[in-house]
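Residues per chain are reported as follows:
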Amino acid sequence: EADIYQTPRYLVIGTGKKITLECSQTMGHDKMYWYQQDPGMELHLIHYSYGVNSTEKGDLSSESTVSRIRTEHFPLTLESARPSHTSQYLCASSGKGGDSPLHFGNGTRLTVT
Amino acid sequence: QKEVEQDPGPLSVPEGAIVSLNCTYSNSAFQYFMWYRQYSRKGPELLMYTYSSGNKEDGRFTAQVDKSSKYISLFIRDSQPSDSATYLCAMYNAGNMLTFGGGTRLMVKP
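Residues numbered from 1 in each chain as written. Chains lettered and ligands numbered in written order. Predicted model: local features only at pLDDT ≥ 70, side-chain atom pairs only at ≥ 80, totals over all residues. Heavy atoms only, no water.

Visitor: Honestly, the overall build of chain A in this entry has me stumped. Any pointers?
Guide: When you go through chain A residue by residue, the secondary structure sums to zero helices and eleven strands. Expected size for 113 residues packed as a compact globule is a radius of gyration near 13 Å; at 13 Å, chain A falls within 12% of this value. Taking the principal axes of its C-alpha atoms as reference, chain A extends roughly 40 × 30 × 25 Å. For chain A, the residues scored as buried account for 49% of the 113 residues in total. Contacts in chain A between residues at least 24 apart in sequence constitute 53% of all its contacts with a sequence separation of at least 6. Surface accessibility of chain A: about 5,400 Å² in total, with carbon and sulfur atoms responsible for 50%. Separation between the mean location of the 10 positive side-chain charges and that of the 12 negative ones in chain A comes to 6 Å. (Helix = DSSP H or I, 4+ residues; strand = E, 2+ residues; numbered from the N terminus. Rg over C-alpha atoms; globule rule 2.2 N^0.38 Å. Buried < 20%, exposed > 50% of the residue type's maximum accessible area, 1.4 Å probe, protein only. Contact = heavy atoms within 4.5 Å. Areas by Shrake-Rupley, 256 points an atom, 1.4 Å probe, with all protein chains shown as cover. Lys, Arg positive; Asp, Glu negative; His and termini not counted. Charge placed at Lys NZ, Arg CZ, Asp CG, Glu CD.)

Written out as structure tokens, the structure is:
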């Protein structure tokens, strides 16, 4: 079983608040990812990182930002949450090599009121 | 047109049935193929991982890849209510980003 942890699992906050979703992995994986998924819908890549101090935007435009200061930690921040940010946010990681499958955390379900 | 197409379902089968889940893709450079299972309110869980054409079996699950037809399948034998979930296919060529299908929702009725 993959060791990738996301906190909090559920978060309900008001519009305009700053929030940080935490993601940590203990597998020493270089690559980490953030996906956004609405209920019953597809996964959309919003950010990824191939190593410390490396971050890139994904296919889906997002107002969130990420940082990668340590290999095991890849937090996602929303400076000012809006109701349109309501979604599930999934963090994943993968090892070296282009053929390494992704391992996912259980997600953070965010509701912005 | 999406690079990876997957029927969203839902697919409803009785317990014990053989289930066939499928994806088609357009990028002939895809080399690595995965199936993920996602329960409601959980993250996707890696089920099967295959490289190139052929079959791979793991317990009640068999993954099949036909690169000539750009078609992959996941078969579930003796399906159980606990198999009820959304199944996502995913694939990529070495070094590139993973491309997911939209997922098929499966319901196995007791």
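There is more to say, and it comes next.
Visitor: Explanation requested: the nonpolar core in the structure shown.
Guide: Note on soluble globular proteins: their nonpolar side chains tend to be buried together. Within the largest apolar cluster, 24 residues are counted, with the highest numbers of intra-cluster contacts made by Trp35, Ile72, Leu74, Tyr87 and Met91 of chain B. Broken down by secondary-structure element, the contributors of at least two residues to this core are β3 (19-25), β4 (32-38), β5 (45-51), β7 (61-66), β8 (71-76), β9 (85-92) and β11 (104-109) of chain B. (Core = buried A, V, L, I, M, F, W, Y, C linked by side-chain atoms within 4.5 Å.)

Visitor: Is there a simple way to explain the sheet that holds strand β3 (residues 19-25) of chain A in this structure?
Guide: In any sheet, the strands associate via hydrogen bonds between backbone groups, in a parallel or an antiparallel arrangement. Residues and elements named next belong to chain A. Within the open sheet, the four strands sit side by side as β1-β3-β8-β7. Their pairing is antiparallel. For this open sheet the edge positions go to β1 (4-7) and β7 (65-66), each flanked by a neighbour on one side alone. Sheet topology places β3 next to strand β8 (residues 76-78); three bridges connect them, and they run antiparallel. Paired with Leu21 across the strands is Leu76, a residue of β8. (Pairing = 2+ DSSP bridges.)

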